[in-house]
Amino acid sequence: MRRTYRRPGQTGNKRKIVIGVAVAALVGGGIAVGTGLSNASSVCDGMDQAIRNNQQFIATQRANPNSQTEAIVANRQAVIDLINVQKKQAGCGGAVAAPPAQATTPPAQQATKPPAQATKPPAKPPAGNGNAGAGEVVCPGSTVTLSGEGGAAAASSGTFPIGTTLRVRNLDNNKSITVKVASTSGSCILLNNAAFEEVREPGKFLIRRAVIERVG
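Asker: When you look at the overall build of the protein chain in this model, what are you seeing that I'm missing?
Answerer: In terms of regular secondary structure, the protein chain is built from four helices and eight strands. Scanning the protein chain from its N terminus toward the C terminus, one meets helices and strands in the order α-α-α-β-β-β-β-β-β-α-β-β. Across the protein chain, every contact between residues at least 6 apart in sequence was considered, and the portion connecting residues at least 24 apart equals 73%. By element, 57% of the accessible surface of the protein chain is carried by carbon and sulfur atoms, the whole surface being about 13100 Å².

Encoded structure:
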């Protein structure tokens with residue numbers, strides 16, 4: 001009978017090679033997953049911000065009810081429900097907490113605030129935004145997201161009255177749109193779906209570098 005002898009260390013070397021290949025595959029997969037999560041995070045953050053804006057609007061309506069409050073609240077809740085469906089489809093997790101009641105500023109108080117910028121000369125927009133006829137820059141530092149409302153391009157605002165013309169410039173892609181305020185909200189400006197589609201970057205639901213101007 002012939003006996004087979006294995007060289008010392010032969011089995012150990014093969015195991016090291018297999019383990020090394022498995023570790024390399026795991027690290028490569030981790031890099032791919034990490035890149036995907038980074039892109040998904042931006043989308044999820046934008047939708048969460050849109051929900052917060054609508055929740056703030058609902059809180060303001062409930063703090064100052066009128067004959068239309070229930071219908072308005074029901075409409076905004078439907079928008080929130082739609083965004084939550086989109087979040088689920090995008091794989092975003094976690095519910096967005098409603099704002100505390102004491103954080104709500106009634107529209108009446110907002111209307112009585114003196115327009116601090118009304119007496120200032122129009123500010124110059126950043127160079128290279130590609131549009132002439134600059135208006136007065138307002139709400140500096142504000143981000144812009146969507147309200148989730150349909151219809152023709154329009155905006156909602158808790159700072160400016162209905163009928164005000166505002167222009168939003170997205171400095172990340174050099175796009176802009178001019179819209180009229182058609183409804184109220186809890187933010188300086190929210191763009192409806194049609195308006196937001198004109199200026200957003202693909203796959204993003206939040207404009208972080210925005211210039212908002214009051215024109216006309």
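Asker: How do you make sense of the packing of aromatic side chains when you look at a structure like this?
Answerer: Geometry of an aromatic ring pair is reported as the spacing of the ring centres plus the angle between the planes. The full count for this structure, using the stated rule, is zero aromatic pairs. Just above the ring of Phe57 sits the side chain of Arg76; from NZ or CZ to the centre is 4.0 Å.

Asker: Explain the state of the cysteines here, please?
Answerer: Here, the word disulfide means a covalent bond between the sulfur atoms of two cysteines. Counted under the stated rule, the structure contains two disulfides. Each sulfur of the disulfide joining Cys139 and Cys188 lies 1.9 Å from the other. On the sign convention where negative means left-handed, the S-S torsion of about 90° between Cys139 and Cys188 marks this disulfide as right-handed. Of this pair, Cys139 sits in the loop between β1 (136-138) and β2 (144-145) while Cys188 sits in the loop between β5 (175-184) and β6 (190-191); the two residues are 49 residues apart in sequence, bridging distant segments of the chain.

Asker: Honestly, the nonpolar core in this entry has me stumped. Any pointers?
Answerer: Side chains that are nonpolar tend, in soluble globular proteins, to be buried together. In this structure, Val144, Ile189, Leu191 and Ile212 are the most contacted members of the largest nonpolar core, which totals 33 residues. Contributing elements (two or more residues each) for this core: α1 (10-63), α2 (69-90), β4 (165-170), β5, α4 (193-199) and β8 (210-215). Per-element accounting of this core gives the leading share, six residues, to α1. In this structure, Ile212 is in contact with Glu136, Val137, Val138, Cys139, Ser142, Val144, Arg167, Cys188 and Ile189, ignoring residues within four places of it in sequence.

Asker: Would you take a moment to explain unusual backbone geometry for this structure?
Answerer: Notably, Cys139 is not glycine yet its phi reads approximately 50°, a positive angle. A relative accessible area of 17% means that Cys139 is categorised as buried.

Asker: Would you mind going over the sheet that holds β5 with me for this structure?
Answerer: Sheet strands pair via backbone hydrogen bonds, and the direction of the pair is either parallel or antiparallel. The sheet built from six strands is open, its strands ordered β1-β8-β4-β5-β3-β6 with mixed pairing. Every interior strand has two partners, whereas the edge strands, β1 and β6, have only one.

Asker: Mind showing me how you'd approach the pairing of β5 here?
Answerer: Moving residue by residue along a regular strand, the side chains alternate between the two faces of the sheet. Relative to β5, strand β3 (residues 155-157) runs parallel, the two sharing three bridges. Bridged to Ser157 within β5 is Thr184. Remark: four residues form the turn of the hairpin made by β4 and β5, two consecutive strands paired antiparallel; Asn174 in that turn has positive phi of roughly 65°.

Asker: For this particular structure, what's the right way to read α2?
Answerer: Spanning 22 residues, α2 covers 31 Å between terminal C-alpha atoms, matching the ideal 32 Å at 1.5 Å per step. For α2, every residue scored as buried is listed here: Thr69, Val73, Arg76, Val79, Ile80, Ile83 and Lys87. The buried residues of α2 occupy an angular sector of 120° when the element is viewed end-on, so they sit on one face. Those residues of α2 that are exposed and aimed more than 90 degrees away from the buried face are Glu70, Lys88 and Gln89. The positive-phi residue at the C-terminal boundary of α2 is Gly91, with phi of around 80°.

Asker: Explain the pairing of β4 here, please?
Answerer: Counting buried positions along β4 yields six of six residues, so the element is predominantly enclosed. Here β4 shows a buried face lined by Thr165, Arg167 and Arg169 and a second buried face lined by Leu166, Val168 and Asn170. Bridge count for β4 against β5 is six bridges, and the pairing is antiparallel. Bridge pairing in β5 links Asn170 to Lys175. Across six bridges, β4 lies against β8 in antiparallel orientation. Paired with Asn170 across the bridge in β8 is Ala210.

Here is what the cut-offs are and how they apply
- Residue numbers restart at each chain and count upward from 1, following the sequence in its written direction.
- Local features in a predicted model are, by the rule used here, given only for residues with pLDDT of at least 70; side-chain atom pairs are given and counted only at 80 or more, and totals for whole chains, interfaces and linings are based on all residues.
- Excluding hydrogens and water, the side-chain values take into account all heavy atoms of the structure.
- Starting at the N terminus, helices and strands are each numbered in turn, a helix being any DSSP run of H or I of at least four residues and a strand any DSSP run of E of at least two.
- Note on contacts: a residue pair qualifies if any of its non-hydrogen atoms lie within 4.5 Å across the two residues.
- The accessible surface values rely on the Shrake-Rupley method and a 1.4 Å probe; as for residues, cover is taken only from the protein chains in view.
- Between the rings of Phe, Tyr and Trp (Trp by its six-membered ring), a pair exists once the centres lie within 6.5 Å; its type follows the angle of the planes, with under 30 degrees stacked, over 60 edge-to-face, and the other angles tilted.
- Put simply, a charge is over a ring when the Lys NZ or the Arg CZ is close to the ring centre, within 6 Å, and near the line of the ring normal, within 35 degrees.
- For the purposes of this analysis, a disulfide is any pair of cysteine sulfur atoms at a distance within 2.5 Å.
- Think of a nonpolar core as a cluster: buried Ala, Val, Leu, Ile, Met, Phe, Trp, Tyr and Cys residues, connected wherever their side-chain atoms sit within 4.5 Å.
- Exposure classes here rest on a 1.4 Å probe applied to the protein chains alone. A residue is buried below 20% of its type maximum, exposed above 50%, and partly exposed in between.
- Note: two strands are recorded as paired if DSSP finds a minimum of 2 bridges between them.
- Residue count minus one, scaled by 1.5 Å, sets the expected span of a helix.
- Our arc is simply the arc of the directions from the helix axis toward the C-beta atoms.

Such coordinate-based values are descriptive only and should not be taken to indicate function.
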